[in-house]
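# Examining the three-dimensional arrangement
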Amino acid sequence: MTIHSAVIQKLLSTNAHLGRRVAAHHFKIYTYGARNGVTIIDSDKTLICIRNACHFISNLVRQKGKFLFVNTNPLCDDIVDQMTKRIGCGADSSWRLGGFLTNSGSPKKFRSRNKKLHLGSTQPPDCVVIMDTERKSSVIFEADKLQIPIVGLVNSDMPWDVYKRITYPVPANDSVKFVYLFCNLITKTFLVEQKRFQEVDNKQLSLTKDENREESENLKQTMTSSSKDETPVIPYESLDLTSDDPVETKQLLDKLVVIKLNSALGTKMGFSGPRSATEVCNGLSYLDLIINQIESLNSKHGCNVPLILMNTIRTHDGTLKVVEKYSQKNIDILPLCQVCHNRSHPVSRGRDSEDESVLFDHHELFLSLKNTGTLEALLLQGKEYILVVKYDNLGTLIDSKILNHLIQNRIQYCTELSEMAQMPGKNSLEKSKLVDTGNLWMNLKVVKRLVETDGKNVENYPLSKSFDRAIDVNVPHSRFQPMMSTSDLFLFQSDLYSYGDSLIRNSARTNSLNPCIELGPEFEKLSDFQSRFKSIPSIIELDSLKVMGDVWFGTGITLKGKVTIIAKPGVKLEIPDGVVIENKEISDPSDI
């Protein structure tokens, strides 16, 4: 019997796999199914989450962090007490009211309860470990408010509002046997790290000041030289073609996972949900388009490319409503909630940031994949690369040509760049600038190594410098079609594009670049944009369009060349049905 099988058998003996009768939607990533009306928790996922929790605890012990163990189940009191005595930490077995960590509760309320009050350190802990999360939801809310990481046992019917605040969830039945096993693992983790303390202290005493100084200088030189290295830019056209063999194509695509950073809200456009759920065309949202594309790819090649939606607390519920209708499709969709614990991040400061998807926090992404057990589960499935989609980029396609180049050349990190289209009037000899398309490829094994062994470097050092082999690929303009505002929406709802399994550009347009569209603040909100256009004008021959003021469009309008429409203050300017406007500046109905 292998060690893995022995551990799984031990988990089964504690009934850790037996969940409740109800499995919440967000918990289904940990389930194996149901039997006799009881949710069956996947023991492999439980084991992965236990490893992640113990790894986090060991790192915190190594940094001499403070722990608080909370338990209100009287059947487990002796187990927790024995554990805390062996490792030298305090435990809390009292039922706390509001102000458990923030001191916001009234002292009279404490006196009114016939409960023993255990007062510990006045400093907040660096981690709270909760054995019975359902009884201690108030502690979870308090710890989350103070951004203190939480390790907690979770069962299948735990409400989303509580579950999303637990940093390191361990899916399991919180039976006495399992709590004993879990506490035993925590105890061993502490003792191993405490033993290492002594060995490290002895080694540090043997080092002289000169040796420390020399080591510091060597490290500084290494950091300086590495920062000067430039990432090579590879032309897309130079990449090797992929094989026509369907078996090889399937094997190639089976190594890929797509992760969509789904954090941006549509508030700027007057949309209350996630911006990716905004309707683009024919009732389809950006999420619908990317899901349909991957589903079509899976059906065509017989592969399994899953889609992970990395949501935030503000976008998770709205995203779940969109993906529910795809439960029968040939695609695995895994919605995860990335809870930010970085104090400098806009979300943690409570600011409603529209640029959340732009502020790509790779450290939080890696931790979310690791803490939920997703990272290790993907590696067990044979996945090798992740494609991270940072923006609502309608030009994003799963390109087997790029994936093949990364695998064949053992590239660990790749950013897609595209030349920025030059504005009219710019010097044609001016060097084109490369912009980030928001598509990022990374090797999964290297991601695991970084998040487990080089956590500090990952958080504080440029991401590309954390990978040994990194490249940039200069991709065509067609792979960068961001949908950030109603001006972008105007393009995608026009006759310039149509939709099949992906975005299709109208071949009738001879100009390789898209028209430059600038709509005024009157069109900024989605409802205003929709009401001001009876139908989107034809723009096949349009170069640029600028619209300002109280302007309204009829149906069947055609725009060509450079068109500027600016209504005078206090004047309602209506563009009549069927009109053709070419190279004109319009400020009055007589100008049409």
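Anything mentioned here points back to the structure above.
Residues numbered from 1 in each chain as written. Predicted model: local features only at pLDDT ≥ 70, side-chain atom pairs only at ≥ 80, totals over all residues. Heavy atoms only, no water.

Right, let's get into the overall build of the protein. When helices and strands are tallied, the protein shows 18 helices and 25 strands. Sequence-distant contacts in the protein: of pairs separated by 6 or more residues, those separated by 24 or more amount to 65%. For the protein, the exposed surface amounts to about 29,300 Å²; the carbon and sulfur share of it is 50%. (Helix = DSSP H or I, 4+ residues; strand = E, 2+ residues; numbered from the N terminus. Contact = heavy atoms within 4.5 Å. Areas by Shrake-Rupley, 256 points an atom, 1.4 Å probe, with all protein chains shown as cover.)

With that out of the way, let us pick up the sheet that holds strand E9 (residues 256-262). Judged by pairing direction, the sheet is mixed, and its eight strands sit side by side in the order E8-E17-E15-E16-E14-E9-E12-E13 without closing on themselves. Single-partner strands in this sheet number two, and they are strand E8 (233-235) and strand E13 (333-337). Averaged over all neighbouring strand pairs, the angle between strand axes comes to 25°, with direction disregarded. Summarising the sheet, strand E14 (residues 385-389) and strand E16 (residues 434-443) pair through five bridges and their orientation is antiparallel. Note on E16: the bridge partner recorded for Ile386 is Met442. Sitting on the sheet, helix H10 (residues 286-301) touches E9, strand E12 (307-311), E13 and E14, and the angle it makes with E12 is about 155°. (Pairing = 2+ DSSP bridges. Axes fitted to C-alpha atoms, helices over the stretch in contact; angles between N-to-C directions.)

Before going further, it helps to spend a moment on the packing of aromatic side chains. Here the structure, examined in full by the defined rule, presents twelve aromatic pairs. Measuring from ring centre to ring centre gives 4.4 Å for Phe56 and Tyr168, while their planes differ by 20°; the resulting arrangement is stacked. Placement of Phe56 in helix H2 (residues 43-62) and of Tyr168 in strand E7 (residues 168-171) is noted, with a sequence separation of 112 residues between them. Judged by its relative accessible area of 6%, Tyr168 falls in the buried class. (Phe/Tyr/Trp six-rings, centres within 6.5 Å; stacked < 30°, edge-to-face > 60°. Buried < 20%, exposed > 50% of the residue type's maximum accessible area, 1.4 Å probe, protein only.)

With that settled, consider the pattern of salt bridges. Two side chains of opposite charge can pair, provided their charged atoms sit close to one another. Enumeration over the complete set of coordinates arrives at 16 salt bridges. Put simply, Asp288 and Lys325 hold a salt bridge, and the shortest N to O gap is 3.3 Å. Of this pair, Asp288 sits in helix H10 while Lys325 sits in the loop between helix H11 (316-323) and E13, and the two are 37 residues apart along the sequence. Looking at Lys325, the relative accessible area reads 53%, which means it is exposed. Of the charged contacts, one joins Asp550 and Arg532 as a salt bridge, the two residues approaching to 2.9 Å between their closest N and O atoms. In this pair, Asp550 sits in the loop between strand E21 (542-548) and strand E22 (551-553) while Arg532 sits in helix H18 (residues 526-532), placing the two residues 18 residues apart along the sequence. A residue is classified by how much of its surface remains accessible, and Asp550, at 28% relative accessible area, is partly exposed. Residue Arg532 is classed as buried on the basis of its relative accessible area of 10%. The structure contains a network of salt bridges with shared partners spanning Asp144, Asp161, Lys164 and Arg165. (Salt bridge = Lys/Arg side-chain N within 4 Å of Asp/Glu carboxyl O.)

Counting buried residues in helix H14 (residues 400-408) gives seven out of nine residues, a clear majority hidden from the surface. Listed as buried for H14 are Lys401, Ile402, Leu403, Asn404, His405, Leu406 and Ile407. Structurally, H14 contributes buried residues whose contacts are with helix H9 (246-253), E9, E14, strand E15 (413-419), E16 and strand E17 (470-474). The opening residue of H14 is Asp399, an N-cap whose side-chain oxygen sits 2.8 Å from the backbone nitrogen of Lys401. Phi turns positive one or two residues past the end of H14, at Arg410, with a value near 55°. (Polar contact = N/O pair within 3.5 Å; in protein donor to acceptor, adjacent residues only side chain to side chain.)

Turning our attention to the pairing of E7. What you see with E7 is no split at all: Tyr168 and Val170 on one side and Pro169 and Pro171 on the other are buried throughout. In terms of strand pairing, strand E6 (residues 150-154) meets E7 through four bridges, oriented parallel. Looking across to E7, one finds that Val151 is bridged to Tyr168.

Turning to the sheet that holds strand E25 (residues 580-586), a few remarks are in order. The strand order E20-E21-E23-E25 describes an open sheet built from four strands, whose pairing is parallel. Both edges of this open sheet fall to strand E20 (516-519) and E25, since each of them pairs with a single strand only. This sheet shows a mean twist of 20° between the axes of neighbouring strands, independent of strand direction. Note that E21 and strand E23 (residues 558-566) share six bridges and pair parallel. The residue of E23 that forms the bridge with Lys546 is Thr564.

Looking at the element boundaries, Asn439 is found in strand E16. For Asn439, a relative accessible area of 0% translates into the label buried. In this structure Asn439 touches Leu387, Val388, Val389, Asn393, Thr396, Cys414, Thr415, Glu416 and Arg479, once residues within four positions along its chain are discounted.

Mapped onto the secondary structure, Thr39 falls in strand E2 (residues 38-41). Judged by relative accessible area, which is 3%, Thr39 ranks as buried. Expressed as a C-alpha distance, the spacing of Thr39 and Val22, which sit 17 residues apart in the sequence, is 6.8 Å. Beyond its immediate chain neighbours, meaning those up to four positions away, Thr39 contacts His17, Leu18, Gly19, Arg20, Arg21, Val22, Ala23, Thr31, Gly33, Ala34 and Ser156.

Our focus in this paragraph is the environment of Thr72. Following the sequence through the fold, Thr72 ends up in the loop between strand E3 (67-70) and helix H3 (77-87). The exposure class assigned to Thr72 is buried, which follows from its relative accessible area of 17%. The spacing of Thr72 and Met131 is 59 residues in sequence and 8.1 Å in space, taken between C-alpha atoms.

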